[in-house]
Amino acid sequence: MPLSCLHPFGPFETPKEPALNNPLLNSSDKICLLGPMKSGKTTFALKLAKDFKNPVYINYNDMRLNKNILSSWLLKWHLEKKMDLLILDHMDRLDFSLPKLPKIVLIPNYLSPITAPDCNLCYALGLNFKEYISFFKPNTPKNTLFNRFLKDGNALDSLFMENEQEKILKKQENIKLIFQAYAPLMAKICSYQSKFVSAFYLYTQLKKELKISKDTLYKLLHALEKQRIIFLAPSFENNKTKLYLCDFALPYSLTPSPSLLNVFENMVFLELYKQFPNHELYSHDNGIFILHKNATNKLALIAHAFPTPHFLEKQLLWCHKHGFLKIVIVSINAPILAANTPYKHLNFIDFSLDIQSILV
């Protein structure tokens, strides 16, 4: 076969691991799978391949791949009925017509989030805490796992390394590999974690240190947001947006002075974003999130690693002033509250393991 990098006739073997929800299941016949680095996109696609008789997996990053004759070989396999699933991974362009197959999965390059016509968009996001702890023995203390999660982040590859320096260097290596010339820019963007920003504000700040045009930055931010590498959460009160990262722990590897408060706020945002996909999620100052599905079902959540009584008093006053009857506080540790307290105060572990309960 002239394309020696292809293995069109399974079976595909993937490491034994807990059953994570595969976003590719129960979706349309043509899927564009987006998501940040190390979120399991390739793993999900290869797991899907096990359900097909003749899957074909093609990695655009493989140097042995001859892209000039790819379309003719795909057509040949299709006509010979030697392909019932096609996975195109790390693709940077789509300059040929796709064959009509029972299932096609496109996984675009990070900086070229292209989509084909009639493609159903699916997303692979980082691990939430409940998924993260499922990789460990059930008797492992939850506090131990939380401390590791807080430090290592929610990317899948952080689970399989123990050495701290190795983890940091691996994250830096991944960023350099994916973003190449834009890696220093991505590192700078991480320093604005959990802060209100606009594209123009970032440009005014970053152009002082990096040679970058406004057009280049705007295009990069658009690609990062489309791939869910960054999130720009709308403000509850104005047109501002607050920046959150796909991996809340990235600043520990990419910035000189990461903020625990910002990392923790980002952690809580990702839990809310992933667990409540059908709710609207807004941000406000000092780690306040507004979650609502309709006008009558609103929740205010205050996320702060170590809130003081004075801080909470101020934030609760804001919540009451804006008419929120459901209020939840999430911190690293939580006190035991009196029975008649008009709000819930949960530690992060209890919050994340029973997150739906905050709506009750």
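Every value quoted in this text rests on a predicted model; they were computed, and no experiment measured them.

Draft legend 1. How the structure looks around the side chain of glutamate 265. Of note, glutamate 265 is situated in helix H10 (residues 260–275). Overall, the relative accessible area of 6% leaves glutamate 265 in the buried class. A polar contact of 2.6 Å, which involves the side chain of glutamate 265, links it to the side chain of tyrosine 244. With residues near it in sequence (within four places) discarded, glutamate 265 still touches Ser194, Lys242, Tyr244, Gly287 and Phe289.

Draft legend 2. Region of the structure containing the confidence of the model for the protein. Per-chain confidence: the protein averages 89 in pLDDT, with 93% of residues scoring 70 or above. Here residues 1–5 scores under 50 on pLDDT; set against residues more than four positions off or in separate chains, the count is 15 contacts. Note that residues 7–15 has pLDDT below 50 and, in this model, 22 contacts with residues that lie over four places away or in other chains.

Draft legend 3. Structural view of H10. Given a rise of 1.5 Å per residue, 16 residues ought to cover 22 Å, and the 23 Å separating the end C-alpha atoms of H10 matches this to within 8%. Residues of H10 that are buried: Asn262, Val263, Phe264, Glu265, Asn266, Met267, Val268, Phe269, Leu270, Glu271 and Leu272.

Draft legend 4. Quick look at helix H5 (residues 164–179). With 16 residues, H5 extends 23 Å between its outermost C-alpha atoms, agreeing within 8% with the 22 Å of an ideal straight helix rising 1.5 Å per residue. Inspection of H5 places Lys167, Lys171, Asn174, Ile175, Ile178 and Phe179 among the buried residues, and these make up the whole buried set. In an axial view of H5, the angular spread of the buried residues amounts to 100 degrees, which keeps them on one side of the axis. Among the exposed residues of H5, those pointing more than 90 degrees away from its buried face are Lys176 and Leu177. Check the buried side of H5 and you find it contacts helix H4 (142–152), helix H6 (183–190), helix H8 (214–226) and helix H9 (250–254). The N-terminus of H5 is capped by asparagine 163, whose side-chain oxygen sits 3.0 Å from the backbone nitrogen of glutamine 165. Following H5 by one or two positions, glutamine 180 adopts a phi angle in the positive range, close to 50 degrees.

Draft legend 5. Geometry of the sheet that holds strand E8 (residues 241–245). Ordered by their spatial adjacency, three strands build an open sheet running E6-E8-E7, and the pairing between neighbours is antiparallel. Edge positions in the sheet fall to strand E6 (195–197) and strand E7 (230–234), since each has one partner strand and no second. Strand after strand, the sheet turns through a mean of 45 degrees between neighbouring axes, direction not considered. Sheet topology places E7 next to E8; five bridges connect them, and they run antiparallel. Opposite alanine 233, over in E8, you have lysine 242 as the bridge partner. Packed onto the sheet, H10 meets E6, E7 and E8 and runs at close to 90 degrees relative to E8.

Draft legend 6. Region of interest: the environment of asparagine 147. Its location among the elements puts asparagine 147 in helix H4. On a C-alpha basis, the gap between asparagine 147 and leucine 260 in space is 12 Å, while along the polypeptide they are 113 residues apart.

Draft legend 7. Layout of the sheet that holds strand E5 (residues 120–123). Read across the sheet, five strands follow the order E2-E3-E4-E1-E5 without closing on themselves; strand pairing throughout is parallel. The sheet is open, and its two edges are formed by strand E2 (55–59) and E5, each paired on a single side. Between one strand and the next, the sheet's axes are offset by a mean angle of 20 degrees, whatever the strand orientation. As defined by bridge partners, strand E1 (residues 30–34) adjoins E5 across four bridges and the pair is classed as parallel. When the sheet's bridge partners are listed, leucine 33 is paired in E5 with cysteine 122.

Draft legend 8. Structural detail: the packing of aromatic side chains. According to the stated counting rule, one finds 22 aromatic pairs in the structure shown. Look at phenylalanine 129 and phenylalanine 149: their rings are 5.3 Å apart centre to centre, the planes differ by 50 degrees, and that puts the pair in the tilted class. Here phenylalanine 129 is found in helix H3 (residues 129–133), whereas its partner phenylalanine 149 is found in helix H4, with 20 residues between them in sequence. Given the relative accessible area of 0%, phenylalanine 129 is considered buried. Judged by its relative accessible area of 1%, phenylalanine 149 falls in the buried class. Ring geometry for tyrosine 192 versus tyrosine 201: centroids 6.2 Å apart, planes at 90 degrees, classification edge-to-face. The buried category is assigned to tyrosine 192, whose relative accessible area is 13%. In this structure, arginine 228 packs its charged tip against the face of tyrosine 123, placed 3.9 Å from the ring centre.

Each value, and the rule that gives it
Residues numbered from 1 in each chain as written. Predicted model: local features only at pLDDT ≥ 70, side-chain atom pairs only at ≥ 80, totals over all residues. Heavy atoms only, no water. Helix = DSSP H or I, 4+ residues; strand = E, 2+ residues; numbered from the N terminus. Buried < 20%, exposed > 50% of the residue type's maximum accessible area, 1.4 Å probe, protein only. Polar contact = N/O pair within 3.5 Å; in protein donor to acceptor, adjacent residues only side chain to side chain. Contact = heavy atoms within 4.5 Å. pLDDT = per-residue confidence, 0-100. Expected span 1.5 Å × (residues − 1). Arc of directions from axis to C-beta. Pairing = 2+ DSSP bridges. Axes fitted to C-alpha atoms, helices over the stretch in contact; angles between N-to-C directions. Phe/Tyr/Trp six-rings, centres within 6.5 Å; stacked < 30°, edge-to-face > 60°. Lys NZ or Arg CZ within 6 Å of the ring centre and 35° of its normal.

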